[in-house]
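# Chains, contacts and geometry: an overview
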Amino acid sequence: MLFYSFFKSLVGKDVVVELKNDLSICGTLHSVDQYLNFKLIDITVMDGHKFPYMLSVKNCFIRGSVVRYVQLSVDDIDVTLLQDATRKEANK
């Protein structure tokens, strides 16, 4: 539940989602659900020559189970709030 709450606070921010098939998608986080499925809008594909069929896609839904990494801007993260929430979660 901690990650779900964290990603909900990032709605409207730009993120880069790297999938397990090495596809990296940059876009604006539109929504996230409890399974960490992401909906991105205004996307661009980082490695377009490897995935030419993705060049015309503007919005996408990404299933949480295929996500390898999510890259965020340092400015978008409140580190102290995240550390406090992690400590509270660990002490349960």
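Up top you'll find the structure we're talking about.
Now for a description of the structure that goes with this document. All values derive from a computational prediction rather than experimental measurement.

### As for the overall build of the protein chain
Secondary structure summary: the protein chain contains 2 helices and 5 strands in total. Along the chain direction, N to C, the helices and strands of the protein chain fall in the order α-β-β-β-β-β-α. Dimensions of the protein chain, computed from C-alpha atoms along their principal axes, come out at roughly 45 × 25 × 20 Å. In the protein chain, which comprises 92 residues, the proportion classed as buried is 29%. Excluding contacts between residues fewer than 6 apart, the proportion of contacts in the protein chain whose partners are at least 24 apart in sequence is 45%.

### Details of the pattern of salt bridges
Overall, the coordinates contain 5 salt bridges when judged by the stated rule. In this structure, R68 and E18 form a salt bridge, with 2.9 Å as the shortest nitrogen-oxygen distance. Taken together, the residues span a long stretch of sequence, with R68 in strand β5 (residues 67-71) and E18 in strand β1 (residues 14-19) at a distance of 50 residues. A salt bridge links K50 to D47; the nearest nitrogen and oxygen atoms lie 3.8 Å apart.

### What about the sheet that holds β5?
Read from one edge to the other, the open sheet built from 5 strands follows the order β4-β3-β2-β1-β5, with strand pairing classed as antiparallel. Strands with a single pairing partner mark the edges of an open sheet, and in this sheet they are β4 (60-62) and β5. For this sheet, the mean angle separating the axes of adjacent strands, direction not counted, is 45°. Pairing of strand β3 (residues 38-45) with β4, which is carried by 3 bridges, proceeds in the antiparallel orientation. In the sheet register, K39 faces β4, and the bridge partner there is F61.

### Some details on the packing of aromatic side chains
According to the stated counting rule, one finds 3 aromatic pairs in the structure shown. Arranged with centres 5.1 Å apart and planes meeting at 85°, the rings of F7 and F38 form a pair that is edge-to-face. Remark: F38 occurs in strand β3 and F7 occurs in helix α1 (residues 2-8); sequence separation between them is 31 residues. Across this residue pair, the class does not change: F7 and F38 are buried. Every member of this aromatic cluster is reached through a ring pair, and the members are F6, F7 and F38.

### Looking at the side chain of S24
Tracing the sequence through the fold places S24 in strand β2 (residues 24-32). Beyond its immediate stretch of four places on either side in the chain, S24 contacts V16, V17, E18, T44, V45 and M46.

Definitions and limits used
Residues numbered from 1 in each chain as written. Predicted model: local features only at pLDDT ≥ 70, side-chain atom pairs only at ≥ 80, totals over all residues. Heavy atoms only, no water. Helix = DSSP H or I, 4+ residues; strand = E, 2+ residues; numbered from the N terminus. Buried < 20%, exposed > 50% of the residue type's maximum accessible area, 1.4 Å probe, protein only. Contact = heavy atoms within 4.5 Å. Salt bridge = Lys/Arg side-chain N within 4 Å of Asp/Glu carboxyl O. Pairing = 2+ DSSP bridges. Axes fitted to C-alpha atoms, helices over the stretch in contact; angles between N-to-C directions. Phe/Tyr/Trp six-rings, centres within 6.5 Å; stacked < 30°, edge-to-face > 60°.

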